[in-house]
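Notes for the structure review
As a plain string of letters, each chain reads:
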Amino acid sequence: MESESITSVLKEKRIFKPNKGFVREAVIKSRAEYQRLCKQAEKDPEGFWGNLARELVWAKPWKKILEWKLPYAKWFVGGKINVSYNCLDRHLATFRKNKAALIWEGEPGDSRTLTFQDLHREVCKFGNVLKNLGVAKGDRVAIYLPMIPELPIAMLACARIGAIHSVIFGGFSALAVRDRVNDAGAVLVITADGGFRKGAVVTLKEKVDEALKETPSAQKTIVVKRTKSDIVMQKGRDFWWHDLMVGASDKCNAEPLDSEHPLFTLYTSGTTGKPKGVVHSTAGYLLGAMITARWVFDLSEIDTYWCTADIGWVTGHSYVLYGILANGVTSVMYEGAPTYPAPDRIWEIVEKYKVNVFYTAPTAIRALIKLGKEWPLRHDLSSLRLLGTVGEPINPEAWIWYHEVIGKKRCPIVDTWWQTETGAIMITPLPGAIPTKPGSATLPFPGISADVVDRNGKSVPLGSGGYLVMKKPWPSMLRGVWGDSERYQKQYWSDIPGMYFTGDGARRDKDGYFWVMGRVDDVINVAGHRLGTMEIESALVSHPLVAEAAVVGCPDEIKGTGIVAFVTLALGNPPGDKLKDVLKAHVAKEIGQIARPDEIRFAENLPKTRSGKIMRRLLRDIAAGQETVGDTTTLEDYTVLAKLRQEED
Ligand code: ATP
Ligand code: MG
């Protein structure tokens, strides 16, 4: 990591206030109210989080709110609590008993609704199934399922009995499954005969069979029948979910667990390198997920909420499942591809279930823009009242499209910055209180001590770029990297003394708003200026013919480093040399000559992680004409790399 600050060139000036109707009904209604909460948290952080935590149902009260020995935090020490109890049981004595907890839609169009009561029954039964197979408190259970109701049922059942779940995204290979099962030392793998995606069957059981040849700890599987595919069941090792559930009792005690008992481990996306097995706690994580979900998504009792993320990513853990059910709110879950059978599948689902709050990723928004606005325009989206995004910086032009075409200028957009490691949203607008600016995640959530600093941990002046850090521990922070305390220390607590370093670069504007500029590893050093990737990419995306862009630095004989831009064009636009010059000039005009790309390369697709993030480190190798080094296990589509290399010739 270098010591210089990061130069900012972005000139975004638009600002959007929430409309009066939204503010009137909002959970947090004004900037003053937001500031009051921030002040409280600043003055007495432990009191602030403690007060919020009192709303949860505890099996035993805590003795101490925080024990902080850098870099290890313990929250609500001495307390005992159960996450599944707080997501399910406590709602059963209220009118929520027969309210929909999950509304699930399968890709072929089948659907299933589970009330809180239904979900509680299934979770209890499956908790007993796990116990009957010998799974005990503290054991790790790997879950490799498609987006079907059995996935949250399995997670909540683990949480109920104190087993630690490790969800493996259903798109991963046998090798990735093997490595994750072994890393966690899982005793059991829960999988399915398949899942539906783009009209085809994604095989899962075959991959588990392959993986289990080399997983000494895991020698049992539970298999959900989803696609009725032909699979081989090995006697004594593989058990059908539905067979085991038949005789299972629906009474299963919610085990009182220590606040710090690990709830799950989960791997990061692998955008910057080899994925890290992040560990999250029980009480602190639950509190973070619950309270952020309520304030950021402005949840009310009658909302139908839909987050399109796969549960295999942290967004799905916190905001399809735990944070939403802890609030007693209805969560929509969809199995398949967003564009199957037609590019309007997402909007069809929004219309069908009258979704009120919708949360997705910039990559999905850019893909939908590429397909054309005629698809959303075919549907009545008037139920929507709030939109959200997460995962990457959102380019202002994509933000504006989301705002106009989907939100009809009526719905606030919450651009939420957070990480697998943070467990919950960290920097975000509270939609009734904070005016938004396209491309900015705005302000820290109350109680979150985010700052932009230099190499020595000193705050940089407003307007300058630097390193995005957290200065104080927060309840839902990671508790470590599974089995690798050295990596935990080195990755997050070594670069900047005494602080949690996020790996991202950011700047704060004159209003104190945070603008995430991209990964520090991706910063491009041009003629003494260090430029973040997001600003140059946003300038490119602001050209009407550009759908998506990624920029990287490349060794240049004269300048030291040149800027290479990989550009995907909007559908139906032919690439050409003339357009290259137009785009270079466009960037120079939008943000300045310093950021003018030296080279533009048109690409049909960009290399992305399976969670949809651009992997610039791979593009860097291509731009430099080198072999790909580093981890590619989370790459979504290997043919993209081969094609990019061909396009070079
Ligand atoms: P790895 O850590 O393995 O490289 P990853 O960082 O992509 O993978 P995640 O935890 O899924 O894994 O992603 C967190 C990162 O995503 C953040 O550090 C940030 O770079 C980016 N990010 C998430 N939300 C936003 C947002 N709203 N604005 C800008 N960047 C975001
Ligand atoms: Mg990361």
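Residues numbered from 1 in each chain as written. Chains lettered and ligands numbered in written order. Predicted model: local features only at pLDDT ≥ 70, side-chain atom pairs only at ≥ 80, totals over all residues. Heavy atoms only, no water.

What follows covers the sheet that holds strand β7 (residues 140-143). Reading across the sheet, the eight strands line up as β13-β12-β9-β7-β8-β15-β16-β24 and stay open at both edges, with mixed pairing between neighbours. Among the strands making up the open sheet, the edge pair consists of β13 (238-240) and β24 (480-481). Note: strand β16 (residues 277-281) against β24, two bridges, orientation antiparallel. Paired with Val 278 across the two strands is Val 481, which belongs to β24. (Pairing = 2+ DSSP bridges. Helix = DSSP H or I, 4+ residues; strand = E, 2+ residues; numbered from the N terminus.)

Around ligand 1, a shell composed of 21 residues is seen, among which Thr 268, Thr 271, Thr 272, Thr 420 and Lys 613 lie nearest. Taking Gly 270, its main chain carries an N or O atom lying 2.7 Å from an oxygen atom of ligand 1. In this structure, Arg 519 approaches ligand 1 through a side-chain N or O atom, which is 2.8 Å from an oxygen atom. With the chains in place, 95% of the 640 Å² that ligand 1 exposes on its own is no longer accessible. Class assignment for the residues of the shell around ligand 1 results in five nonpolar, nine polar and seven charged. (Near = heavy atom within 4 Å. Polar contact = N/O pair within 3.5 Å; in protein donor to acceptor, adjacent residues only side chain to side chain. Areas by Shrake-Rupley, 256 points an atom, 1.4 Å probe, with all protein chains shown as cover. Nonpolar A, V, L, I, M, F, W, Y, C, P; charged D, E, K, R; others polar.)

Across the sheet, which stays open at both edges, the three strands sit in the order β29-β30-β31 with mixed pairing between neighbours. Looking along the sheet, the strands with just one partner apiece sit at the ends: β29 (546-556) and β31 (599-602). Between one strand axis and the next, the sheet turns by 25 degrees as a mean value, whatever way the strands run. Bridging between strand β30 (residues 560-569) and β31 involves four bridges; their strand directions are parallel. (Axes fitted to C-alpha atoms, helices over the stretch in contact; angles between N-to-C directions.)

Right, let's get into helix α4 (residues 83-92). Buried residues dominate α4, accounting for nine of its ten residues. If you check which residues of α4 are buried, you get Val 83, Ser 84, Asn 86, Cys 87, Leu 88, Asp 89, Arg 90, His 91 and Leu 92. Elements that come into contact with the buried residues of α4 comprise β4 (80-81), α5 (116-132), α6 (150-161), β15 (262-267), α10 (283-296) and α11 (314-326). At the N-terminal boundary of α4, the capping side chain belongs to Asn 82, with an oxygen 2.8 Å from the backbone nitrogen of Ser 84. (Buried < 20%, exposed > 50% of the residue type's maximum accessible area, 1.4 Å probe, protein only. Contact = heavy atoms within 4.5 Å.)

This part is about unusual backbone geometry. Note the cis peptide between Leu 70 and Pro 71, where omega equals 0 degrees. Residue position: Pro 71 is located in the loop between β2 (64-69) and β3 (72-77). Despite not being glycine, Lys 228 shows a phi value in the positive range, around 60 degrees. Summarising the element assignment, Lys 228 is placed in the loop between β12 (221-224) and β13. Accessibility expressed as a relative area gives 69% for Lys 228, which makes it exposed. The residue Ala 527 is not glycine, and still its phi comes out positive at about 45 degrees. Here Ala 527 lies in the loop between β27 (524-526) and β28 (529-531). For Ala 527, a relative accessible area of 57% gives the class exposed.

With 144 residues, the main nonpolar core has Phe 76, Phe 126, Leu 130, Ile 190, Phe 297, Tyr 305 and Tyr 322 as its most contacted residues. Among the elements that make up this core, the one with the highest residue count is α10 (ten residues). Mapping this core onto the domain boundaries places at least three of its residues in each of domain 1 (20-82 + 277-516) and domain 2 (84-255). Listed in part, the 27 residues of the second largest apolar core include Tyr 334, Ile 394, Trp 399 and Ile 400. (Core = buried A, V, L, I, M, F, W, Y, C linked by side-chain atoms within 4.5 Å. Domains from an automatic or database assignment.)

Next up on the list: the domain arrangement of the protein. The domains assigned to the protein are domain 1 (20-82 + 277-516), domain 2 (84-255) and domain 3 (523-648). Counting residues at the interface gives 36 residues for domain 1 and 48 residues for domain 2. Summing the contributions of domain 1 and of domain 2, the shared interface buries around 3800 Å²; its carbon and sulfur component is 57%. Inspection of the region where domain 1 meets domain 2 yields five salt bridges. As a salt-bridge pair, Lys 99 and Glu 301 come within 2.6 Å of each other at their nearest N and O atoms. At the boundary of domain 1 with domain 2, the tally comes to 30 residue pairs in polar contact (both at pLDDT 80 or more). Only α10, α11, β18 (330-334) and α12 (345-353) provide two or more residues apiece to the side of domain 1 that touches domain 2. Partitioning the side of domain 1 that touches domain 2 into residue classes produces 22 nonpolar, eight polar and six charged. (Buried area = accessible area lost by both parts, 1.4 Å probe. Salt bridge = Lys/Arg side-chain N within 4 Å of Asp/Glu carboxyl O.)

Turning our attention to the pairing of strand β26 (residues 514-519). Every other side chain in a regular strand lies on the same face of the sheet, so the side chains alternate between the two faces. Burial within β26 is extensive, with five of its six residues counted as buried. Taken together, the five bridges between strand β25 (residues 500-508) and β26 define a ladder with antiparallel strand orientation. Looking at the pairing, Arg 507 lines up with Trp 515 of β26. Where β25 hands over to β26, the hairpin turn is made up of five residues, of which Gly 512 adopts a positive phi near 85 degrees.

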